[in-house]
Amino acid sequence: MSYPEQFIGFRAPNAEAWKDFQKESWAPRPFEDVDVDVQVECCGVCASDLHKISGEWGACPYPLAVGHEVVGRVVRVGAKVTFAQVGQRVGVGAQVYSCLECRQCKNGNETYCTKQVDTYGGLYPNTEHITQGGYASHVRVHEYWVYPIPDGLDSAQAAPLLCAGITVFSPLKRFGAGPGKKVGIVGVGGLGHYGIILAKALGAEVWAISRTRAKEADARAMGADGFLATCEAGWHDAPHAMTFDLIINTATSFDGFALGEYLSLLDVHGRWNSVGLPGGDGLAVRNQDFLANGCFIGSSHLGSRAEMLEMLGLVADKGLPSWVERIPLSKEGLQQAFGKLETNKARYRSCMTNYEEQFGA
């Protein structure tokens with residue numbers, strides 16, 4: 001008999017009333033020998049959660065519990081599990097399955113597996129179960145996607161790293177952010193604030209790039225060496241033109257976004273990498289925008305298990321603080337957190353806490 005037999009959580013009922021979170025129970029998928037059950041302690045709030053349950057990304061399998069920045073305690077492990085043990089504090093990010101057999105999985109690119117399954121809203125292989133996220137009492141996860149949380153790292157500080165943190169850490173590592181490199185972070189928000197903190201921790205010269213200077217003091221407190229405001233005339237001209245090795249774009253809107261101006265900051269064969277997922281039609285890309293410096297433009301998705309473990313260790317070892325507001329989990333608490341996302345008032349991540357008040361100890 002599985003333990004627990006029922007999970008309980010807050011689920012969005014439909015696109016029209018997605019903020020009317022309902023506390024209800026459901027049967028988890030069948031427990032397998034490679035599975036881990038985690039009793040959730042806290043869960044970060046990501047813009048992806050809003051995009052999914054509001055219907056902005058299209059069809060959504062309602063009712064759905066979102067949340068994919070989970071920290072909690074292991075309460076059950078399958079017979080073949082080697083990556084976790086009962087009682088251990090662990091994290092779960094935005095992915096809960098890949099095949100582990102394909103070329104991508106075997107090359108440390110398991111987040112690009114064609115069979116990958118998201119933490120919520122995905123059909124789990126060989127079942128009829130839609131995955132449910134971390135605004136719940138428990139989550140059931142394949143052991144590969146469960147990560148030990150270092151002892152020195154606070155749970156609510158750790159949770160947003162499991163999606164927002166790894167989303168920027170992976171391209172920073174893969175594209176060489178470090179001593180002697182000049183890195184730009186476009187957008188000082190939930191993703192961008194981690195971009196600044198982690199790029200600086202890796203040893204790079206870091207510049208925050210935002211529409212105005214409203215967040216300059218915060219960006220510098222996070223570790224930014226400099227700040228560019230795109231509302232100012234000539235912001236992309238000398239002395240910054242063709243001097244950046246890497247720019248990570250975390251922008252949540254492309255309204256009025258002049259891509260060519262940003263790309264002109266890159267050195268020859270520099271990289272522009274987008275990790276934000278704004279709604280709308282996206283960016284218009286013209287060859288002329290990247291001819292002058294031969295720069296590369298692209299995107300990336302989450303990060304590998306090895307990168308996740310490295311990032312968590314880096315944050316713990318250096319004592320890097322996240323800017324996280326703790327909000328007790330409830331229907332009203334979730335509405336408050338999502339309201340901050342909608343109005344761009346989160347500073348700079350929210351984390352749902354006090355789970356024991358809803359689900360017991």
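Everything here concerns the structure above.
Reference entry: report on the structure contained in this document. (Residues numbered from 1 in each chain as written. Predicted model: local features only at pLDDT ≥ 70, side-chain atom pairs only at ≥ 80, totals over all residues. Heavy atoms only, no water.)

This part takes up the pattern of salt bridges. Across all of its chains, the model carries 16 salt bridges by this definition. A salt bridge links E310 to K173, with the shortest nitrogen-to-oxygen separation between them at 2.9 Å. Highlighted residues: E310 in helix α8 (residues 305-318) and K173 in helix α4 (residues 164-174), separated in sequence by 137 residues. Notably, a salt bridge pairs R213 with E232, separated by 2.7 Å at the nearest N-O pair. Of the two residues, R213 is situated in the loop between β11 (205-210) and α6 (216-222) and E232 in the loop between β12 (226-229) and β13 (244-249); the sequence distance between them amounts to 19 residues. If you follow the salt bridges from partner to partner, you end up with R213, E216, R220 and E232 in one network. (Salt bridge = Lys/Arg side-chain N within 4 Å of Asp/Glu carboxyl O. Helix = DSSP H or I, 4+ residues; strand = E, 2+ residues; numbered from the N terminus.)

The end-to-end C-alpha distance of helix α9 (residues 331-342), which contains 12 residues, comes to 16 Å, matching closely the 16 Å that a straight helix rising 1.5 Å per residue would cover. Within α9, the full set of buried residues consists of G333, L334, A337 and F338. Down the axis of α9, the buried set is contained in an arc of 125°. They therefore lie on one face. Close packing links the buried residues of α9 with β1 (7-11), β3 (35-45), α1 (47-53), β16 (324-328) and β17 (349-353). A positive phi of about 60° marks N344, the residue just after α9. (Expected span 1.5 Å × (residues − 1). Buried < 20%, exposed > 50% of the residue type's maximum accessible area, 1.4 Å probe, protein only. Arc of directions from axis to C-beta. Contact = heavy atoms within 4.5 Å.)

What describes two packed helices is the angle between their axes and the distance between those same axes. Here α4 crosses α8 at 100°, and the two axes come no closer than 10 Å. As the angle between them shows, α4 and α8 are arranged roughly perpendicular. Where α4 approaches α8, its residues G165, I166, F169, S170, K173 and R174 are matched on the opposing element by E307, M308, E310, M311 and L314. Of the residues assigned to the contact of α4 with α8, the class counts are five nonpolar, two polar and four charged. (Axes fitted to C-alpha atoms, helices over the stretch in contact; angles between N-to-C directions. Parallel < 35°, antiparallel > 145°, perpendicular 65-115°, else oblique. Nonpolar A, V, L, I, M, F, W, Y, C, P; charged D, E, K, R; others polar.)

Looking now at helix α5 (residues 190-201). If you check α5, its first and last C-alpha atoms are 17 Å apart, about what 12 residues at 1.5 Å a residue would give, namely 16 Å. Where burial is concerned, most of α5 is hidden: 11 out of the 12 residues are buried. Along α5, the residues classified as buried are G190, L191, G192, H193, Y194, G195, I196, I197, L198, A199 and A201.

Grouped together as the largest cluster of nonpolar side chains are 85 residues, with contacts concentrated most on Y135, L172, I196, L198, M311, F338 and M352. The leading source of residues in this core is α5, at seven residues. Two domains each donate at least three residues to this core, and these are domain 1 (7-163 + 303-359) and domain 2 (165-299). Grouped together as the second largest cluster of nonpolar side chains are 17 residues, F254, Y262, L263 and L266 included. (Core = buried A, V, L, I, M, F, W, Y, C linked by side-chain atoms within 4.5 Å. Domains from an automatic or database assignment.)

Before going further, it helps to examine the sheet that holds β11. One open sheet accounts for six strands, arranged β12-β11-β10-β13-β14-β15; its pairing is parallel. Either end of the sheet is taken by a strand with one partner, and the two such strands are β12 and β15 (296-299). Strand-to-strand twist in this sheet, taken as the mean axis angle between neighbours without regard to direction, amounts to 20°. The pairing of β11 with β12 spans four bridges and is parallel. Within β12, the position partnered with I209 by the bridge is L228. On top of the sheet, α4 reaches β10 (182-186), β13 and β14 (266-274); it is set at about 160° to β13, its chief contact. (Pairing = 2+ DSSP bridges.)

Right, let's get into the side chain of R11. Looking at where R11 falls in the secondary structure, it is placed in strand β1. Separated by 2.8 Å, the side chains of R11 and E24 make a polar contact. Excluding its chain neighbours within four sequence positions, the residues that come into contact with R11 are D20, F21, Q22, E24, S25, W26, P63, L64, A65 and Q132. (Polar contact = N/O pair within 3.5 Å; in protein donor to acceptor, adjacent residues only side chain to side chain.)

A word on the pairing of strand β5 (residues 89-92). Covered by surrounding structure in β5 are R89 and G91 together with V90 and V92, the residues of both alternating faces. With four bridges connecting them, strand β4 (residues 70-77) and β5 associate as antiparallel partners. Its bridge partner being in β5, V71 is matched across the sheet by G91. In terms of strand pairing, β5 meets strand β9 (residues 146-148) through three bridges, oriented antiparallel. Paired with G91 across the two strands is Y147, which belongs to β9.

Quick look at the packing of aromatic side chains now. On inspection of all chains with the given rule, the structure shows 14 aromatic pairs. Relative to F359, the ring of F10 has its centre 6.4 Å away and its plane inclined at 55°; by these criteria the two rings are tilted. Of the two residues, F10 is situated in strand β1 and F359 in helix α10 (residues 356-359); the sequence distance between them amounts to 349 residues. Ring centres 5.3 Å apart and planes at 70° place the aromatic pair Y144 and W145 in the edge-to-face group. One exposure class covers both Y144 and W145, and it is buried. Members of the aromatic cluster, each reached through a chain of ring pairs, are W235, F254, F257, Y262 and W272. Just above the ring of Y144 sits the side chain of R305; from NZ or CZ to the centre is 5.6 Å. (Phe/Tyr/Trp six-rings, centres within 6.5 Å; stacked < 30°, edge-to-face > 60°. Lys NZ or Arg CZ within 6 Å of the ring centre and 35° of its normal.)

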